[in-house]
Number of protein chains: 2
Amino acid sequence: MSPSAAASAATPIAPFQEVEHQRAVFPEGLMLDCGVRIAPVAVAWRAYGKLNAARSNAILVCHALTADQYLAEPHPLTGKEGWWQNIVGPGKPFDTDRYHVICTNVLGGCMGSTGPRDEMTDAATKRGLGRPWGTDFPNITIRDMVRAQKLLTDSLGIERLLAVVGGSMGGMQALEWAATYPDSVFAAAPVATAAHHSAQNIAFHEVGRAAIHSDPAWRNGRYWETGTVPARGLSVARMVAHITYLSEKALARKFGRRLRGASAVTLLEDVFEVQSYLRHQGSTFVRRFDANSYLTITRAMDYFDLAAEHGGDLSAAFRGTKTRFFLASFSSDWLFPTEESRAVVRALNRAAANVGFVEITTDKGHDAFLLEEPDFHRALGGFLAGCAARVGV
Amino acid sequence: MSPSAAASAATPIAPFQEVEHQRAVFPEGLMLDCGVRIAPVAVAWRAYGKLNAARSNAILVCHALTADQYLAEPHPLTGKEGWWQNIVGPGKPFDTDRYHVICTNVLGGCMGSTGPRDEMTDAATKRGLGRPWGTDFPNITIRDMVRAQKLLTDSLGIERLLAVVGGSMGGMQALEWAATYPDSVFAAAPVATAAHHSAQNIAFHEVGRAAIHSDPAWRNGRYWETGTVPARGLSVARMVAHITYLSEKALARKFGRRLRGASAVTLLEDVFEVQSYLRHQGSTFVRRFDANSYLTITRAMDYFDLAAEHGGDLSAAFRGTKTRFFLASFSSDWLFPTEESRAVVRALNRAAANVGFVEITTDKGHDAFLLEEPDFHRALGGFLAGCAARVGV
């Protein structure tokens with residue numbers, strides 16, 4: 001990336017907090033599914049545990065919609081524990097004494113990988129054009145995200161990943177890795193995910209995008225010109241998404257009293273209740289997440305349809321695969337219901353693939369893949385250890 | 001209602017369209033559950049079919065969140081067919097050759113019954129205070145809505161309704177009628193409803209309210225001062241609610257192509273797609289519905305908990321009841337799932353009540369209660385005819 005681009009990519013768009021991220025920059029960039037080339041392209045990443053001499057112990061973890069590469073360490077903006085720190089570390093299912101665990105910020109994101117907040121570049125000259133991509137950022141696909149990750153693993157000299165693992169949108173990437181680079185993935189563990197986004201999930205994303213588009217501060221995506229962000233729209237988008245991540249029981253536990261306890265006598269008293277919730281939900285999120293990245297990434301999820309990429313037959317995506325698969329779903333997850341994991345398992349069976357599947361009984365909803373679920377952690381850790389033994393790690 | 005109040009209640013808040021509604025005004029008003037008295041109180045209503053001499057053939061239909069009293073005739077604002085016109089009319093399940101079918105606009109609404117858009121009044125003097133209630137409108141409950149309806153039916157000399165029928169929030173009112181005025185209800189048919197609002201349903205309402213609160217045009221509820229409405233917030237609220245009314249299959253049928261078909265190359269192209277959807281969804285809605293009414297009515301739904309009104313035992317709400325009950329749910333309704341109707345049926349059984357229940361198999365979701373569902377219409381029509389025969393109508 002040209003110095004000017006690097007410089008402007010580091011220019012904060014208040015109140016978005018900017019920090020320096022570890023990243024690799026690829027001058028030739030990437031040709032996207034939409035036919036546009038982005039060059040240069042940057043991939044921000046973090047790794048935990050040592051890459052062995054044979055480079056055979058690398059596990060790529062793919063993050064979900066609003067997560068990032070800070071997998072197993074405090075987040076540089078929020079200070080919160082890494083989003084999978086509960087299972088990544090010495091002696092944990094992702095045993096960093098044994099594995100080299102890599103996590104990248106997805107293409108289109110806002111934590112160091114090339115995205116709408118970065119300076120727009122001319123692919124021919126690779127020069128910065130003096131303003132952010134904003135809504136001119138090309139539409140990307142889950143496969144484009146995977147291609148960017150492949151640029152990084154290639155640059156690290158990793159010919160074959162021991163495993164690609166991810167939940168939700170991360171699971172979409174794990175499926176896409178196995179379909180696009182079968183020889184580069186010994187094992188794949190798509191968790192709480194699906195081979196395409198349902199109409200209902202798309203519709204909920206549409207609500208979030210509509211809320212962002214409806215915020216006057218969004219200014220048709222050119223909010224960076226005024227140094228503001230569509231905080232209210234982004235907060236509402238976060239709020240509706242948050243609901244879909246939880247089961248009815250989890251919602252009742254988490255918000256039941258707050259939602260029903262008030263003894264307000266007029267509407268305005270409720271206003272403050274809701275606004276305080278918005279402040280709480282939105283304030284940290286809008287400081288760490290860019291609205292145009294949210295639009296870009298939700299759109300990539302909505303257009304994901306692995307079967308469609310293979311003539312409408314999902315099993316064709318895995319024909320002849322040697323990759324070992326492990327899928328997990330959660331019984332109370334209504335965003336990515338078990339039935340959608342089963343559809344992937346059936347397709348893998350039709351491809352005579354090596355596949356294991358477990359449905360974890362829990363009342364925590366979609367979020368369960370991030371939470372304390374010992375059965376899930378034992379099953380996933382066992383799968384990784386078994387694959388490591390096969391490879392001789 | 002004082003002339004001044006009547007006048008200002010007819011003052012349009014652009015772009016809300018105002019029309020004259022048939023209504024009854026009760027000077028003494030109503031004491032609400034929140035302890036506030038509203039006086040005077042107006043109840044807007046429509047009726048279809050002739051009330052017989054014995055006044056024994058009256059059926060009260062209660063409407064859902066965004067519907068109104070225009071049950072079986074073209075809507076005065078939208079020109080669309082009445083919301084239950086498919087089953088209310090001569091020879092239809094609600095046979096207007098046989099029954100006198102009444103529908104009122106709910107208290108807190110914006111189609112003629114007293115609500116936030118009406119002029120604030122002083123209950124002691126019954127004088128208008130020269131400005132709309134807005135967010136000073138007292139919080140109302142489903143039971144308050146029912147009390148307002150009772151004022152009307154009493155004024156019509158109807159001692160006992162042949163039946164009270166409603167879907168969704170209308171079903172909450174039907175349950176409340178049977179619990180609060182058991183001797184005034186020969187039969188009750190709560191459809192696609194529940195005895196309390198689930199945490200998930202409350203949370204989705206919170207998103208809608210947050211979207212309205214986040215629209216700068218809402219101006220803390222005082223948008224009437226500037227003659228504007230929070231159209232964008234109200235549109236987003238309508239959009240999220242709309243999704244919850246449909247099943248995954250119905251969504252795929254209705255929006256599938258629109259949501260996925262676009263081949264946009266940059267985000268901005270999607271913007272227009274979404275904004276056109278918003279315009280389409282929102283434009284008619286914001287012209288016919290008041291934002292503060294939306295806040296008032298959704299809140300009433302969220303606080304509805306019939307068991308809590310009766311010491312935590314739902315069956316206590318129906319102890320000793322002579323009312324005949326008929327409940328119906330729809331298999332793909334995830335907003336008011338069959339399980340919630342079953343919970344009501346179990347409570348009625350514990351009260352040794354006369355109750356019938358049917359789950360209709362359909363893929364249309366919650367909206368099914370409004371659509372062409374011949375099995376549902378036959379069952380409901382049969383129940384009404386059976387009750388009429390019992391009463392001798």
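Reading the values: rules and limits
Residues numbered from 1 in each chain as written. Chains lettered and ligands numbered in written order. Predicted model: local features only at pLDDT ≥ 70, side-chain atom pairs only at ≥ 80, totals over all residues. Heavy atoms only, no water. Pairing = 2+ DSSP bridges. Helix = DSSP H or I, 4+ residues; strand = E, 2+ residues; numbered from the N terminus. Axes fitted to C-alpha atoms, helices over the stretch in contact; angles between N-to-C directions. UniProt positions renumbered as here; feature names shortened; annotations may be inferred. Buried < 20%, exposed > 50% of the residue type's maximum accessible area, 1.4 Å probe, protein only. Expected span 1.5 Å × (residues − 1). Contact = heavy atoms within 4.5 Å. Parallel < 35°, antiparallel > 145°, perpendicular 65-115°, else oblique. Left-handed = near helix turned anticlockwise from the far one by under 90°. Nonpolar A, V, L, I, M, F, W, Y, C, P; charged D, E, K, R; others polar.

> Before we go on, may I ask you to explain the sheet that holds strand E11 (residues 161-167) of chain A in this structure?
Backbone hydrogen bonds are what pair the strands of a sheet, in a parallel or an antiparallel way. Residues and elements named next belong to chain A. Strand order in this open sheet of eight strands is E1-E4-E8-E5-E11-E12-E13-E14, and the pairing throughout is mixed. Lying at the two open borders of the sheet, with one neighbouring strand each, are strand E1 (23-26) and strand E14 (354-360). The mean inter-strand angle of the sheet, taken between neighbouring strand axes irrespective of direction, is 20°. Pairing of strand E5 (residues 58-62) with strand E8 (residues 100-104) involves four bridges; the strand directions are parallel. When the bridges of E8 are listed, Val61 appears paired with Cys103.

> Would you mind going over the sheet that holds strand E1 (residues 23-26) of chain B with me for this structure?
All names here are of chain B. Reading across the sheet, the eight strands line up as E1-E4-E8-E5-E11-E12-E13-E14 and stay open at both edges, with mixed pairing between neighbours. Looking at which strands have only one partner, the edges of the open sheet turn out to be E1 and strand E14 (354-360). Averaged over neighbouring strand pairs, the angle between their axes works out to 20° when direction is ignored. Bridge count for strand E4 (residues 41-48) against strand E8 (residues 100-104) is four bridges, and the pairing is antiparallel.

> Mind showing me how you'd approach the UniProt feature "binding site: substrate" (unreviewed entry) in chain A here?
Residues and elements named next belong to chain A. Under the local residue numbering, the UniProt record ascribes the feature "binding site: substrate" (unreviewed entry) to Arg238 and Asp367. Look at the named residues: they lie 130 residues apart in sequence, but the longest C-alpha span between them is just 14.1 Å, so in the fold they bunch up. Relative accessible area serves as the criterion here: at 16%, Arg238 is assigned to the buried category. Here Asp367 lies in the loop between E14 and helix H10 (374-391).

> What is the right way to read helix H3 (residues 169-180) of chain B from this model?
Note on helix geometry: an α-helix contains 3.6 residues per turn, so any two residues three or four positions apart are oriented the same way. All names here are of chain B. Between its first and last C-alpha, H3 extends 16 Å over twelve residues, near the 16 Å set by a 1.5 Å rise per residue. Buried residues dominate H3, accounting for eleven of its twelve residues. Residues of H3 that are buried include every one of Met169, Gly170, Gly171, Met172, Gln173, Ala174, Leu175, Glu176, Trp177, Ala178 and Ala179, and no others.

> Looking at this structure, I do not really get the environment of Val165(A). What am I missing?
All names here are of chain A. Here Val165 is to be found in strand E11. Considering only alpha carbons, one finds Val165 and Cys62, 103 residues apart in sequence, at a separation of 6.2 Å. In this structure, Val165 is in contact with Ile59, Leu60, Val61, Cys62, Trp84, Phe94, Ala189, Leu380 and Leu384, ignoring residues within four places of it in sequence.

> What exactly am I supposed to notice about the packing of helix H2 (residues 142-155) of chain B against H3(B) here?
How two helices pack is summed up by the angle between their axes together with the distance between the axes. All names here are of chain B. H3 packs onto H2 with a crossing angle of 70° between their chain directions and a minimal axis gap of 9 Å. When the axes of H2 and H3 are compared, the pair comes out roughly perpendicular. Relative to H3, H2 is oriented so that their crossing is right-handed. Two secondary-structure elements touch here, H2 through Ile142, Arg143, Met145, Val146, Gln149, Lys150 and Thr153 and H3 through Met169, Met172, Gln173, Glu176, Trp177 and Thr180. For the contact of H2 with H3, the residue count by class is six nonpolar, four polar and three charged.

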